[in-house]
Amino acid sequence: MTDGLAGALREWSGWLGRVGAPVASSLRPGRSPEEITAVLGADLPASVLTWFSWCDGVEDAPGQTIGDCWVIPGYWPVALAETRLDWSVEVPYARWVPLLRDGGADLYVAAWSAAGDEPVVVSLLDPGQPVVEFGSVAELVGVTNGCFARAVYAVDESGLLDVVDAAGYDAVYEEVTGRPAT
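All of the points below concern the structure found in this document. Since we're looking at a predicted model, the values are computed, not measured. (Residues numbered from 1 in each chain as written. Predicted model: local features only at pLDDT ≥ 70, side-chain atom pairs only at ≥ 80, totals over all residues. Heavy atoms only, no water.)

## Some details on the side chain of Ser26
Now for step 1: Assignment of secondary structure puts Ser26 in the loop between helix 1 (3–19) and strand 1 (27–29).
Now for step 2: What Ser26 contacts, discounting residues up to four positions off in sequence, is Gly57, Val58, Glu59 and Gln64. (Helix = DSSP H or I, 4+ residues; strand = E, 2+ residues; numbered from the N terminus. Contact = heavy atoms within 4.5 Å.)

Structural data, given as structure tokens:
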């Protein structure tokens, strides 16, 4: 596993608890590398293996709403078993795996072209064209942790994880990725 990424993902979980996000207590533990590669293949990039070693989706709970599952505003982590669903999307990469999803057809996916490539994170919004949102899984996690650290993401009055400082998001995104926010 990628130690830096694994630590950053644990930090993300910690932020969810500290801000009081409802999902903090219902994240499923990650899966073993053997279970992950059995589903996704042995040539899986290390960052995708690390992602699913961190979290295997969200545990269902009585009375839970979609918003109770968000690890970033509007999205929750995809469970390993869900990666094999027919997502009916087109991505201009040979391989891709969904990481985050919303209540509709929007996804964030790790995408790569050849074994050994570091995946980019592509945003798939319906309708819309695929957009490389992050240059790596580590960038996605870095932006997320930066947003928590600067109170850009917070639980709002209704109890939902939300972006409470859009300009702050743009600043964090640019600092972490080196590119202006899209």
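This is not the end of the story, as more comes after the structure.
## A closer look at the packing of helix 4 (residues 137–149) against helix 5 (residues 166–177)
Now for step 1: One way to put it is that helix 4 packs onto helix 5 with a least axis distance of 9 Å and a crossing angle of 140°. With respect to each other, helix 4 and helix 5 are oriented oblique. For the pair helix 4 and helix 5, the sense of crossing is right-handed. Touching Glu139, Gly142, Val143, Gly146 and Cys147 of helix 4 are Tyr169, Val172, Tyr173, Val176 and Thr177, all from helix 5.
Now for step 2: The residue makeup of the contact of helix 4 with helix 5, split by class, is six nonpolar, three polar and one charged. (Axes fitted to C-alpha atoms, helices over the stretch in contact; angles between N-to-C directions. Parallel < 35°, antiparallel > 145°, perpendicular 65-115°, else oblique. Left-handed = near helix turned anticlockwise from the far one by under 90°. Nonpolar A, V, L, I, M, F, W, Y, C, P; charged D, E, K, R; others polar.)

## Side note on the pattern of salt bridges
Two side chains carrying opposite charge are able to pair once their charged atoms lie near each other.
Now for step 1: As enumerated under the stated definition, the model contains seven salt bridges in all.
Now for step 2: A salt bridge links Glu35 to Arg31, with the shortest nitrogen-to-oxygen separation between them at 3.4 Å.
Now for step 3: Here Glu35 falls in the partly exposed class, since its relative accessible area comes to 35%.
Now for step 4: The exposure class of Arg31 is partly exposed, given its relative accessible area of 27%.
Now for step 5: For Arg95, the salt bridge is made with Asp43, and the minimal N-O distance between the two is 2.8 Å. (Salt bridge = Lys/Arg side-chain N within 4 Å of Asp/Glu carboxyl O. Buried < 20%, exposed > 50% of the residue type's maximum accessible area, 1.4 Å probe, protein only.)

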